[in-house]
Amino acid sequence: MEALRALVSRVTAYHPNADVALIEKAWTVAEQAHDGQKRKSGEAYFTHPISVANVIVDLKLDTASLCAALLHDVAEDTTIGVDQIEQDFNKEIAFLVEGVTKLSKFNFSSKEDRAAESFRKMLVHMANDIRVLLVKLADRLDNMRTLEHMKPDAQERIARETVDIYAPLANRLGISWMKSELEDLSFKYLDPQAYRDLAEKVAVSEGVQKGFIDSTSKLLSDRLNEAGFGCDVGGRAKHLYSIWRKMRAQDCEYEKVYDVIAFRVLVENVADCYAALGVIHGTYTPIPGRFKDYVALPKPNGYQSLHTTVLGPENRRMEIQIRTREMHRVAELGIAAHWKYKERGRGRDVEEHGGIIDAKDAKRFQWLRQLMDWQKELKDPQEFLESVKVDLFQDEVYVFTPNGDVRVFPRGATPIDFAYAIHSDLGDHCSGARVNGAIVPLRHHLRSGDVIEILTDPNRYPTKDWLEWVLTAKAKSKIRFYLRAEERERSLRLGRELLERSLHKHGLSYNKCIKTGSIQKAVDDAKLQSVEELLIQIGYGKYDINKVLDSLVPPEQRDKPPAQIRESIVERVARKVTGKDAGGILVSGDANVLVRFAKCCSPVPGDEIVGFITHGRGVSIHRRGCDKALDLDPERRVEVSWQSGAKIARPVCLKVITTNRPGILAEVGTTFSQNGLNIEEANCRAGDDRATNLFTFTITDLNSLKSVIRALQKVKGVMTVERV
């Protein structure tokens with residue numbers, strides 16, 4: 001019980017009135033519930049809830065959060081359900097546990113859909129109580145810390161999800177240390193070779209860097225003290241993933257990356273922040289365009305600091321952050337720094353409804369509710385998850401409305417994103433924009449400080465091109481909604497036309513079928529809700545018009561072909577277009593439907609795939625998560641899967657970034673050969689110190705592709721390998 005006493009001691013150190021009895025009860029219940037269960041590492045499973053609880057204590061959260069951390073896997077992995085937790089503890093703890101629990105009792109078409117829908121559920125809960133997300137982040141952090149015990153495929157999947165979703169969420173909540181650790185842990189598994197190479201280089205230069213940090217910190221501190229500031233100065237090397245991103249952005253090696261060291265100056269008040277900045281700029285030469293004022297314009301997560309980059313000692317570029325001590329506390333703990341404890345009680349205080357956040361602090365996290373509002377029409381789990389990734393984009397620009405209101409967008413956003421952020425109607429009829437008084441095209445990228453004015457035209461509507469230009473989830477979802485409504489209308493008209501023709505051939509009138517209500521039998525047989533839905537399904541090609549005729553045309557009025565030779569619209573159209581079968585794919589369990597593979601994402605056997613009915617071109621097969629597939633109407637989706645043991649040679653393109661050294665291209669080529677692959681096309685472009693290479697080849701399954709990617713990552717000098 002020493003671990004329990006240590007945990008309680010840490011909690012009471014920052015929250016003396018914590019309900020210790022409740023924490024001890026949660027510990028006992030969880031320990032007994034997980035008794036006999038093991039982790040992949042072979043350790044007792046209960047070590048995981050203990051670790052998660054300790055992360056919650058690092059964030060200095062309340063009793064309810066701590067109990068939820070201890071119990072978070074009980075409802076999923078044991079016989080104790082959420083109802084029992086509510087009965088044994090309280091509604092608050094049960095709500096937090098339910099929010100973190102995965103959707104393990106529902107059936108989804110794929111692991112990706114399950115993960116996406118689970119995330120949607122968590123998002124709904126955390127919009128009502130941010131502690132759900134904090135417990136989930138603590139859970140994910142411990143899972144990432146012990147990821148080495150998972151299989152390589154699982155490591156890659158979990159790491160990708162972490163760097164795409166959970167690290168940006170930690171960033172949105174302002175918890176900088178957690179964001180950095182999640183990114184570094186993900187980097188370790190997503191590109192092991194690049195991680196090892198960079199870690200070795202950083203370790204080699206660590207001694208030199210420490211000497212530079214210590215001496216420069218003292219110089220800065222002495223200079224500021226002479227100017228009359230009471231301050232603390234410290235420095236650190238940026239974390240590995242941050243350095244790696246800089247290497248990619250600047251297209252250079254580690255040795256040539258600028259400002260990998262950041263210094264932090266903590267002062268007493270806001271006025272001192274700006275005064276200290278003046279002293280620093282008077283001491284070192286500032287780099288033009290590298291000053292950011294997050295004090296006057298805080299980040300959406302509440303982060304405040306002045307950032308400047310200067311030429312320091314030894315002519316080295318270095319970033320300096322200047323903030324108050326309170327700003328620093330917020331920068332480290334994020335939303336947890338704003339936590340308050342509302343207490344009441346007789347004799348001794350107890351917590352009421354756990355921790356709460358002041359109203360003014362809660363406004364900083366309205367993006368959670370906005371995110372939910374924007375996603376209500378997104379029924380497809382994968383599309384929902386992809387749009388969330390965009391809204392969690394880390395790099396931001398700050399622009400202004402003509403009235404001077406500040407709006408924050410992801411870097412690369414356009415005037416269309418701005419228009420939809422103001423109002424949906426403004427976006428739908430956006431015809432142009434003025435940026436700083438000058439007319440710009442709709443694909444123009446917004447920059448911090450821009451003043452945006454939207455021009456409208458009542459006859460202007462969204463086009464497919466807009467999807468290529470916008471970044472925000474709200475803009476994408478609204479454009480897709482409009483385009484799908486248009487496509488639905490076209491399919492409705494086509495379905496009616498096809499049905500009218502077919503009925504006419506058998507001496508029946510469509511209008512008469514509507515008036516007499518006889519068409520309702522066809523609707524019921526199709527198990528649809530309305531005549532409109534029936535027509536749309538016919539127009540899309542998802543429902544065979546012959547089945548409608550079976551319901552509407554009396555037997556004596558038709559020559560019924562043998563059932564064994566009748567084909568669906570999709571089958572007949574596909575055969576007419578292609579003239580042959582494309583093996584390897586099952587469409588709704590049928591191997592005889594012809595398909596075509598989308599060129600935009602080039603799926604290979606083993607990839608998670610989705611299928612869409614196309615007008616006159618059969619079923620189009622995309623990789624799940626493909627941007628082009630997300631743009632298509634979910635109504636046109638059909639269930640598709642690879643046939644067992646399918647071996648289809650499919651073209652794949654890999655982007656391999658390497659150092660520009662003699663012989664490396666030969667080594668890369670040899671690696672392909674050793675994996676039994678023949679490079680069919682190569683496009684190589686060399687710069688000063690690195691080369692970007694595109695290799696196209698054919699491959700028969702996903703495992704073979706992963707094998708060659710891993711082999712390429714082990715080649716000395718290969719920096720990154722990406723599937724294009």
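Below: a short report on this structure. (Residues numbered from 1 in each chain as written. Predicted model: local features only at pLDDT ≥ 70, side-chain atom pairs only at ≥ 80, totals over all residues. Heavy atoms only, no water.)

1. Topic: the overall build of the protein
Looking only at helices and strands, one finds 31 helices and 23 strands in the protein. Residue burial in the protein is summarised as follows: out of 724 residues, 50% are buried. Long-range pairs, those at least 24 residues apart, make up 66% of the contacts in the protein with a sequence separation of at least 6. About 34400 Å² of surface is accessible on the protein, with carbon and sulfur atoms providing 49% of the total. (Helix = DSSP H or I, 4+ residues; strand = E, 2+ residues; numbered from the N terminus. Buried < 20%, exposed > 50% of the residue type's maximum accessible area, 1.4 Å probe, protein only. Contact = heavy atoms within 4.5 Å. Areas by Shrake-Rupley, 256 points an atom, 1.4 Å probe, with all protein chains shown as cover.)

2. A few points about the packing of helix 2 (residues 20-33) against helix 4 (residues 63-71)
The contact between helix 2 and helix 4 brings their axes to 9 Å, and the two run at 10°. Judged by the inter-axis angle, helix 2 sits roughly parallel to helix 4. Note on element contacts: helix 4 touches helix 2 through Thr63, Leu66, Cys67, Leu70 and Leu71, opposite Leu22, Ile23, Ala26, Trp27, Val29 and Ala30. (Axes fitted to C-alpha atoms, helices over the stretch in contact; angles between N-to-C directions. Parallel < 35°, antiparallel > 145°, perpendicular 65-115°, else oblique.)

3. Comments concerning a nonpolar patch on the surface
On the surface, a nonpolar cluster with roughly 180 Å² of combined accessible area is contributed by Leu297, Val406 and Val408. Inspection of the secondary structure assignment puts Val408 in strand 10 (residues 406-410). Classification of Val408 as partly exposed rests on a relative accessible area of 33%. (Patch = residues over 30% accessible without salt bridge, like charges linked within 9 Å, V, L, I, M, F, W, Y side chains within 5 Å. Salt bridge = Lys/Arg side-chain N within 4 Å of Asp/Glu carboxyl O.)

4. Quick notes on the sheet that holds strand 23 (residues 718-723)
Strand order in the open sheet formed by four strands is 21-22-20-23, and the pairing between neighbours is antiparallel. With one partner strand each, in any of the chains shown, strand 21 (679-686) and strand 23 form the two edges of the open sheet. In this sheet, neighbouring strand axes are inclined to one another by 15° on average, regardless of whether the strands run parallel or antiparallel. Here strand 20 (residues 650-659) runs beside strand 22 (residues 690-699); their pairing, made up of 10 bridges, is antiparallel. Within strand 22, the residue paired with Ile657 across the bridge is Thr692. In this fold helix 30 (residues 664-674) packs onto strand 20, strand 21, strand 22 and strand 23, with an angle of close to 20° to the strand it touches most, strand 22. Seen against the sheet, helix 31 (residues 702-713) touches strand 20, strand 22 and strand 23 and runs at an angle of roughly 165° to strand 23. (Pairing = 2+ DSSP bridges.)

5. Here's the deal with the sheet that holds strand 12 (residues 438-440)
The strand order across the open sheet built from three strands is 12-11-13, with neighbouring strands paired in antiparallel fashion. Edge positions in the open sheet fall to strand 12 and strand 13 (452-456), since each of these has one partner strand only. For this sheet, the mean angle separating the axes of adjacent strands, direction not counted, is 35°. The pairing of strand 11 (residues 430-435) with strand 13 spans five bridges and is antiparallel.

6. Comments concerning helix 20 (residues 415-422)
With six of its eight residues buried, helix 20 lies for the most part within the structure. Within the span of helix 20, buried status applies to Pro415, Ile416, Asp417, Phe418, Ala419 and Tyr420.

7. Points about the pattern of salt bridges
Within the structure shown, the criterion is met by 26 salt bridges. For Glu497, the salt bridge identified is with Arg501, shortest N-O distance 2.4 Å. Taken together, the positions of Glu497 and Arg501, both in helix 23 (residues 473-505) and four residues apart, correspond to about one turn of that helix. The partner of Arg723 in a salt bridge is Asp607, with the nearest N and O atoms 2.7 Å apart. Highlighted residues: Arg723 in strand 23 and Asp607 in the loop between strand 15 (595-597) and strand 16 (609-613), separated in sequence by 116 residues.

8. Section: the packing of aromatic side chains
Counted by the stated rule, this structure contains 13 aromatic pairs. Measuring from ring centre to ring centre gives 5.8 Å for Tyr241 and Trp244, while their planes differ by 35°; the resulting arrangement is tilted. Residue Tyr241 and its partner Trp244 are located together in helix 14 (residues 240-250), separated by three residues, close to a single helical turn. Neither Tyr241 nor Trp244 differs from the other in exposure class; each is buried. Here the aromatic rings of Phe672 and Phe695 are separated by 5.3 Å at their centres, their planes lie at 55°, and the arrangement is tilted. One end of the pair, Phe672, is in helix 30; the other, Phe695, is in strand 22, and 23 residues separate them in sequence. Take Phe695: its relative accessible area is 3%, and that puts it in the buried class. Residue placement shows Arg316 over the ring face of Phe212; its charged tip is 4.2 Å from the ring centre. (Phe/Tyr/Trp six-rings, centres within 6.5 Å; stacked < 30°, edge-to-face > 60°. Lys NZ or Arg CZ within 6 Å of the ring centre and 35° of its normal.)

9. Quick notes on the environment of Pro603
Among the secondary structure elements, Pro603 is positioned in the loop between strand 15 and strand 16. On the basis of relative accessibility, which here comes to 0%, the residue Pro603 falls in the buried class. Each C-alpha atom of the pair Pro603 and Arg650 lies 7.3 Å from the other, and the pair is 47 residues apart in sequence. Beyond its immediate chain neighbours, meaning those up to four positions away, Pro603 contacts Phe597, Ala598, Ile609, Ile621, His622, Arg623, Trp642, Arg650 and Arg723.

10. As for the environment of Tyr303
When you line up the elements, Tyr303 lands in the loop between strand 4 (292-293) and strand 5 (306-311). Through-space distance from the C-alpha of Tyr303 to that of Ala331 is 5.6 Å; in sequence the pair is 28 residues apart. Other than its neighbours up to four places away in sequence, Tyr303 contacts Tyr294, Pro298, Gln321, Arg323 and Ala331. Of note is the side chain of Tyr303, whose polar atom sits 2.7 Å from the side chain of Arg323. (Polar contact = N/O pair within 3.5 Å; in protein donor to acceptor, adjacent residues only side chain to side chain.)

11. Details of unusual backbone geometry
With a phi angle near 55°, Asn436 is a residue other than glycine that sits in the positive phi range. By secondary structure assignment, the location of Asn436 is in the loop between strand 11 and strand 12. Positive phi, close to 45°, is recorded for Ser602, a residue that is not glycine. The class for Ser602 is buried, based on a relative accessible area of 13%.

12. Quick word on the environment of Gly235
Inspection of the secondary structure puts Gly235 in strand 1 (residues 232-237). You can call Gly235 partly exposed: its relative accessible area is 31%. Placed 21 residues apart in sequence, Gly235 and Asp214 show a C-alpha to C-alpha distance of 7.6 Å. Apart from residues lying up to four places away in sequence, Gly235 is in contact with Ile213, Ser217, Ala262 and Phe263.

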